[in-house]
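So the chains spell out like this:
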Amino acid sequence: MAKPSSIQALYDLCKKTFTPSGNPASSQAIAKLCSLLDTIGPSDVGLNENCSDDDRGHGFFGQNLLSNHNFNRVARWAQPITYLHIYENDCCTIGIFCLPTSSVIPLHDHPGMTVLSKLLYGSMHVKAYDWIEPVGIQRSGGPEQFPARLAKLQADTVLTAPCATSVLYPNSGGNLHCFTAITSCAVLDVLAPPYSRAAGRNCTYYHDYPYSTFPTGNRHEISEKKEDYVWLEEIEEPDDLYIRSGKYNGPAVQSKLRYLVSSNLAQRLWSSLHSCQRIRGTNLHHRLDS
């Protein structure tokens, strides 16, 4: 029997590790997934880093440049980020983000989710935060009031492939992060469970402000290095975020359900053919006996 592809092995292990309920996986299970992801390279998912798609100029930033809030904006050409969908079920999503040079995936969160990211090729800057207490403050002054929550810096580094798989958790590991492509690069992501509006797992974007931006009073004062703390303001999806869907050319994932459906279908077809053969044989014997 042929050895399953690396991406099939990843799916099989994810299926054993994650559940639709989103209950955290054990550290041992996450370690196994990391070990497997560490062995996956561009060729395992149908990519060629030497022919990376670093194109630009595929449309304008924003969804509607003629809307009121965009009317005075200067039109700029977008650098499209390409998403290659591999597989999704109630337990997890597996996919690849291909980022052209200088493109950015803005600061966003992963509520109640565990995310494993494997840089397949290239270099990118990663900045990541985790929420901390106090829950937030209220900016005062006129109609521009907004809540801002305090977060602590967990990562501010450059990753260059090949490198180890990174993991973020619901409350640790840098659950809020942003990516900036230093060179053309690609990231294989496993999100568990998937984003889901129905389950309250929306993707929310944020703008970060230095800790010194807002007065906090004694109750919110911190004694540690203040440069490691920021206030995060929830914002709408940025107009300059342009992600398009691409075609995944790597090995297909064969789910057990799909296999069972195919297997059952084959069995039904075989039974049907076998029945037809018996009927034809009976008719033939009947004609010969006559």
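Structural notes, computed from the coordinates. Here the structure is a predicted model, which means the values were calculated and not measured. Numbering of residues starts from 1 in each chain and follows the order in which that chain's sequence is written. Local features in a predicted model are, by the rule used here, given only for residues with pLDDT of at least 70; side-chain atom pairs are given and counted only at 80 or more, and totals for whole chains, interfaces and linings are based on all residues. With hydrogens and water set aside, each side-chain value is computed from the structure's full complement of heavy atoms.

## Quick look at the environment of Leu99
Moving on, step 1. Locating Leu99 in the fold gives a position in strand β2 (residues 93-99).
Moving on, step 2. A 1.4 Å probe rolled over the protein chains alone gives each residue an accessible area, and that area as a share of the maximum for its type sets the label: buried under 20%, exposed over 50%, partly exposed in between. Take Leu99: its relative accessible area is 0%, and that puts it in the buried class.
Moving on, step 3. Note: C-alpha distance between Leu99 and Phe179 (80 residues apart in sequence) is 9.2 Å.
Moving on, step 4. Should any heavy atoms of two residues lie within 4.5 Å, those residues are counted as being in contact. Aside from chain neighbours lying at most four places away, what touches Leu99 is Ile81, Ile105, Phe179, Ala181, Thr183, Ser184 and Cys185. Here a helix means four or more residues in a row that DSSP labels H or I, a strand means two or more in a row labelled E, and each is numbered from the N terminus.

## Considering the sheet that holds strand β1 (residues 81-88)
Moving on, step 1. Strand pairing is defined by DSSP finding a minimum of two bridges between the two strands. As summarised here, the arrangement of the six strands in space is β8-β4-β10-β2-β1-β13, forming an open sheet in which the pairing is mixed. Sheet topology places β8 (166-168) and β13 (243-246) at the edges, where each strand pairs with a single neighbour. Strand-to-strand twist of the sheet, defined as the mean angle between neighbouring strand axes without regard to direction, takes the value 25°.
Moving on, step 2. Orientation is described by lines fitted to C-alpha atoms, with helices fitted over the stretch in contact, and by angles between N-to-C directions that extend from 0 to 180 degrees. Seen against the sheet, helix α1 (residues 6-17) touches β1, β2 and β10 (185-192) and runs at an angle of roughly 25° to β10.

## Overview of the layout of surface pockets
Moving on, step 1. As defined here, a cavity is a set of points on a 1 Å grid over the protein atoms alone where a 1.4 Å probe fits but cannot get out. A pocket is an open set with protein on both sides within 12 Å along at least five of seven lines, and residues line them when an atom is within 4 Å of a point. Grid points are joined across faces, edges and corners, and a volume is the space filled by probe spheres set on the points. When its volume is computed, the largest pocket comes out at roughly 740 Å³.
Moving on, step 2. Along its surface, the largest pocket is lined by 29 residues, and His108, Tyr195, Asn202, Cys203 and Tyr205 are the ones closest to its centre.
Moving on, step 3. For the lining of the largest pocket, the element with the highest residue contribution is β2, accounting for four residues.
Moving on, step 4. Of the residues contributing to the lining of the largest pocket, the split by class is 13 nonpolar, nine polar and seven charged. Polar here means any residue outside two lists: the nonpolar Ala, Val, Leu, Ile, Met, Phe, Trp, Tyr, Cys and Pro, and the charged Asp, Glu, Lys and Arg; Gly therefore counts as polar.

## Brief notes about the packing of aromatic side chains
Moving on, step 1. Only rings of Phe, Tyr and Trp enter the pairing, Trp through its six-membered ring, and a pair is recorded when the two centres are within 6.5 Å. The plane angle decides the type: under 30 degrees is stacked, over 60 is edge-to-face, the rest tilted. Under the criterion given, the structure shown has five aromatic pairs.
Moving on, step 2. With 4.8 Å between their ring centres and 50° between their planes, Tyr83 and Phe97 make a pair best called tilted. On the criterion of sequence distance, the pair formed by Tyr83 in strand β1 and Phe97 in strand β2 is long-range, its members being 14 residues apart. Each member of the pair, Tyr83 together with Phe97, is buried.
Moving on, step 3. Consider the rings of Trp131 and Tyr206, whose centres lie 5.3 Å apart with planes at 75°: the pair is edge-to-face. Linking Trp131 in strand β5 (residues 123-131) with Tyr206 in strand β11 (residues 205-210), this pair joins segments that are 75 residues apart in sequence.
Moving on, step 4. Since its relative accessible area comes to 24%, Trp131 is described here as partly exposed.
Moving on, step 5. Taken together, the ring pairs in this structure connect Tyr211, Tyr229 and Trp231 into an aromatic cluster.
Moving on, step 6. If you follow Arg149 out to its NZ or CZ, it ends over the ring of Trp131, 4.1 Å from the centre. By the criterion adopted, a ring carries a charge over it if an Arg CZ or a Lys NZ lies within 6 Å of its centre and within 35 degrees of its normal.

## Things to note about unusual backbone geometry
Moving on, step 1. The omega torsion across Ala161 and Pro162 is 0°, close enough to zero to call that bond cis.
Moving on, step 2. In this structure, Pro162 sits in the loop between β7 (147-160) and β8.
Moving on, step 3. Cis geometry marks the peptide bond from Ala192 to Pro193; its omega dihedral reads -10°.
Moving on, step 4. Take Pro193: it is sitting in the loop between β10 and β11.
Moving on, step 5. With a phi close to 75°, Ser102 is a non-glycine residue in the positive phi region.
Moving on, step 6. Following the sequence through the fold, Ser102 ends up in the loop between β2 and β3 (104-108).

## Let's talk about empty space enclosed by the protein
To find the voids left in a structure, one rolls a probe of water-molecule size over its atoms.
Moving on, step 1. Counted by the stated rule, this structure contains one cavity of 30 Å³ or more.
Moving on, step 2. Looking at the largest cavity, its volume works out to about 40 Å³.
Moving on, step 3. Contributing to the lining of the largest cavity are Phe18, Thr19, Gly22, Asn23, Pro24, Cys91, Thr114, Ala192 and Pro193.
Moving on, step 4. For the lining of the largest cavity, the per-class residue count stands at five nonpolar, four polar and no charged.

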